[in-house]
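Architecture at a glance
If you want the building blocks of each chain, they are given just below.
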Amino acid sequence: MADIRSNFVGIKSPNPFWLASAPPTDKAYNVIRAFQAGWGGVVWKTLGEEGPPVVNVNGPRYGAIYGADRRLLGLNNIELITDRELQTNLREIKQVKKDWPDRAIVVSLMVPCEEESWKAILPVVEETGADGIELNFGCPHGMSERGMGSAVGQVPEYVEMVVRWCKANTRMPVITKLTPNITDIRKPARAAHAGGTDAVSLINTINSITSVDLDNFAPQPTIDGKGTHGGYCGPAVKPIAMSMVSEIARDAETQGLPISGIGGITTWRDAAEFMALGAGNVQVCTAVMTYGFKIVQEMISGLSNWMDEKGHKNLDHIVGRAVPNVTDWQFLNLNYITKARIDQDLCIKCGRCYIACEDTSHQAIANTIDGQRGFEVIDAECVACNLCVDVCPVEGCITMEELQPGAVDERTGKVVEADYANWTTHPNNPMAKVAAE
Ligand SMILES: Cc1cc2nc3c(=O)[nH]c(=O)nc-3n(C[C@H](O)[C@H](O)[C@H](O)COP(=O)(O)O)c2cc1C
């Protein structure tokens, strides 16, 4: 049986599935039920400093983007950090950690960008027995206007400075949560690394407006006629999050820096993909807000079964395994040729592949076969773009077939070369020439 126990920056948990800092982790009642369901750890909903209470809006706080079957694909929120009292949260964290010693409890924090504020909160969190802290430099709304959250995460110098303060004032492991609302994610990651962070976690939510009410011309969710940008998350953000995780994982300056992967994770497969791209563990929010705590059971059994099937003994066997295969465009092998193939037994003759190809730019699908309605690839025009596969409603009906060395590419008339391996230095590779000059 595969061993899915996790040790992330010294924080142990029975599995790599943690709940991200958000409403499902905002109180003992929730966290206890999450642990009962099987979650390996939680990042407690972000705490702020002691003082006037945080006040949330009382109109709608969420907006959504749906797929055609009304499955929730993206979620937008305008909530703030916890609006519960600091002392209440600390008391509950201490009790839950005492009752669930084998589970990870990390406390998310966001206080003003002054050393005194961090110095004040760190010892009281440490006193709860929590396993670590996560610095919330990510929330894009509400708190950023007050100089916190993404207002810090967008300035690498601030990130480094605050991480340094935390490392100097606590013995707890520090995880720095990054905002995706930045052009180059490597910059804040490098800054956090320079400040001595034990790990980074990403992504927090993406600035977004999900919809506009066209009767009153106000963004939704609408609060008394007005709306504001919120933070976007859920399955729709997974590709963006995975790209950012991989950029940090393969950056020479942050190589080896532990990463907690977050963003759209709903199934064990999503989690395994993040881990393959370098995440040591994963955190989940929207999927639990949508389907409930028990989805972790599918994640645990799915990951274990897949690892058993593939002979991966523990998480070290999968973490980062895809990183060497993430490369820059210029290193992609231009000698590698594929062509689309339509399985005539599976084809329902809807014609979507034909329309997409015809009206895009390649005109590489014929719409008649022997004078009858039917769809067939014209190899001499097919550039293997994959659009027909992407739009086909029947899974597995259209596939891409690799031309073997020696075959002639009918489009270019060139013989497919066997020499795939040395593409980086191949004379046909324009970037190799540039590098040589
Ligand atoms: C309603 C809501 C509240 C959130 N509150 C916090 C928060 O207090 N602190 C934080 O670091 N992230 C917060 N997040 C962001 C999540 O922790 C997570 O980074 C993000 O939702 C992406 O993961 P997902 O796609 O699994 O939802 C919140 C997200 C949602 C939807």
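These numbers were taken from a predicted model, which means no experiment stands behind them.

1. Focus on the sheet that holds strand 11 (residues 206–208)
By definition, the strands of a sheet pair up through backbone hydrogen bonds, in either a parallel or an antiparallel sense. Within the open sheet, the four strands sit side by side as 5-6-14-11. Their pairing is antiparallel. The open sheet is flanked by strand 5 (62–66) and strand 11, the only strands paired with a single partner. The sheet shows a mean angle of 35° between the axes of neighbouring strands, taken without regard to direction. Pairing of strand 11 with strand 14 (residues 230–233), which is carried by three bridges, proceeds in the antiparallel orientation. Residue Ser208 lies in a different strand from strand 14, and its bridge partner there is Gly230.

2. Focus: the pattern of salt bridges
On inspection of all chains with the given rule, the structure shows 21 salt bridges. Residues Glu79 and Arg61 are paired through a salt bridge, measuring 3.0 Å at the closest nitrogen-oxygen approach. Highlighted residues: Glu79 in the loop between strand 6 (72–77) and helix 2 (86–99) and Arg61 in the loop between strand 4 (41–47) and strand 5, separated in sequence by 18 residues. Looking at Glu79, the relative accessible area reads 11%, which means it is buried. Here Arg61 falls in the partly exposed class, since its relative accessible area comes to 24%. Three or more residues joined by partner-sharing salt bridges are found here, namely Arg190, Asp251 and Glu253.

3. What to know about the packing of aromatic side chains
Evaluation of the coordinates by the stated rule reveals four aromatic pairs. Taking 5.9 Å as the distance between ring centres and 80° as the angle between the ring planes, the aromatic pair formed by Phe8 and Trp18 counts as edge-to-face. You can see Phe8 sitting in strand 1 (residues 6–8) and its partner Trp18 sitting in strand 3 (residues 17–19), a full 10 residues away along the chain. The class of Phe8 is buried, set by a relative accessible area of 3%. Taking the relative accessible area as the measure of exposure, Trp18 reaches 0% and is therefore buried. Pairing Trp268 with Trp306 gives two aromatic rings, centres 5.8 Å apart and planes at 35°, and the pair type is tilted. Taken as a pair, Trp268 in helix 8 (residues 268–276) and Trp306 in helix 10 (residues 295–310) lie far apart in primary sequence, 38 residues in all. Of the residues examined, Trp268 reaches a relative accessible area of 15% and is grouped as buried. On the basis of relative accessibility, which here comes to 21%, the residue Trp306 falls in the partly exposed class. Lying across the ring of Tyr66, Arg70 places its NZ or CZ 4.1 Å from the centre.

4. Considerations on helix 5 (residues 156–169)
Given a rise of 1.5 Å per residue, 14 residues ought to cover 20 Å, and the 20 Å separating the end C-alpha atoms of helix 5 matches this to within 8%. Turning to helix 5, its buried residues number three or more, namely Val159, Val162, Val163, Trp165 and Cys166. All buried residues of helix 5 lie within an arc of 155° about the axis, which places them on one face of the element. Of the exposed residues in helix 5, those oriented more than 90 degrees away from the buried face are Glu157 and Ala168.

5. A short note on the site of the ligand
Lining the immediate environment of the ligand, one finds 23 residues, of which Ser21, Thr46, Lys177, Gly264 and Thr286 sit closest. At a separation of 2.8 Å, an oxygen atom of the ligand approaches a polar backbone atom of Ser21. Summarising the interface, the protein chains cover 99% of the accessible area of the ligand, which totals 610 Å² for the free molecule. Those elements that place two or more of their residues in the shell around the ligand are strand 4 and helix 9 (286–291).

6. Points about the pairing of strand 18 (residues 365–369)
Direction of pairing for strand 18 relative to strand 19 (residues 372–377): antiparallel, over a ladder of four bridges. Looking across to strand 19, one finds that Thr368 is bridged to Arg373.

7. Overview of a nonpolar patch on the surface
A surface patch of nonpolar side chains, about 460 Å² in accessible area, is lined by Ile209, Val212, Leu214 and Phe217. Structurally, Ile209 can be placed in the loop between strand 11 and strand 12 (211–213).

8. Considerations on the domain arrangement of the protein chain
Assigned domains within the protein chain: domain 1 (6–325) and domain 2 (329–436). For domain 1 and domain 2, the distance between their C-alpha centroids amounts to 40 Å.

9. With respect to the sheet that holds strand 9 (residues 174–177)
Pairing in this closed barrel of eight strands is parallel, and the strands run 3-4-7-8-9-10-15-16 around the ring. Neighbour-to-neighbour, the strand axes of this sheet turn through a mean angle of 25°, independent of strand direction. Looking at chain direction, strand 8 (residues 132–136) and strand 9 are connected through four bridges and run parallel. Paired with Asn136 across the two strands is Lys177, which belongs to strand 9. Contacting strand 3, strand 15 (259–262) and strand 16 (281–284), helix 8 runs over the sheet at an angle of about 135° to strand 16.

10. Describing the nonpolar core
Counting residues in hydrophobic clusters, the biggest one holds 78 residues, and the most contacted among them are Trp39, Leu109, Trp118, Ile133, Leu202 and Leu303. Considering each element in turn, this core owes the most residues, six residues, to helix 7 (residues 238–249). Not counting chain neighbours up to four residues away, the residues in contact with Leu202 comprise Leu178, Ile185, Met244, Val245, Ile248, Ile259, Ser260, Gly261 and Ile262. Listed in part, the 15 residues of the second largest apolar core include Tyr354, Cys357, Cys392 and Cys397.

About the cut-offs
Residues numbered from 1 in each chain as written. Predicted model: local features only at pLDDT ≥ 70, side-chain atom pairs only at ≥ 80, totals over all residues. Heavy atoms only, no water. Pairing = 2+ DSSP bridges. Helix = DSSP H or I, 4+ residues; strand = E, 2+ residues; numbered from the N terminus. Axes fitted to C-alpha atoms, helices over the stretch in contact; angles between N-to-C directions. Salt bridge = Lys/Arg side-chain N within 4 Å of Asp/Glu carboxyl O. Buried < 20%, exposed > 50% of the residue type's maximum accessible area, 1.4 Å probe, protein only. Phe/Tyr/Trp six-rings, centres within 6.5 Å; stacked < 30°, edge-to-face > 60°. Lys NZ or Arg CZ within 6 Å of the ring centre and 35° of its normal. Expected span 1.5 Å × (residues − 1). Arc of directions from axis to C-beta. Near = heavy atom within 4 Å. Polar contact = N/O pair within 3.5 Å; in protein donor to acceptor, adjacent residues only side chain to side chain. Areas by Shrake-Rupley, 256 points an atom, 1.4 Å probe, with all protein chains shown as cover. Patch = residues over 30% accessible without salt bridge, like charges linked within 9 Å, V, L, I, M, F, W, Y side chains within 5 Å. Domains from an automatic or database assignment. Contact = heavy atoms within 4.5 Å. Core = buried A, V, L, I, M, F, W, Y, C linked by side-chain atoms within 4.5 Å.

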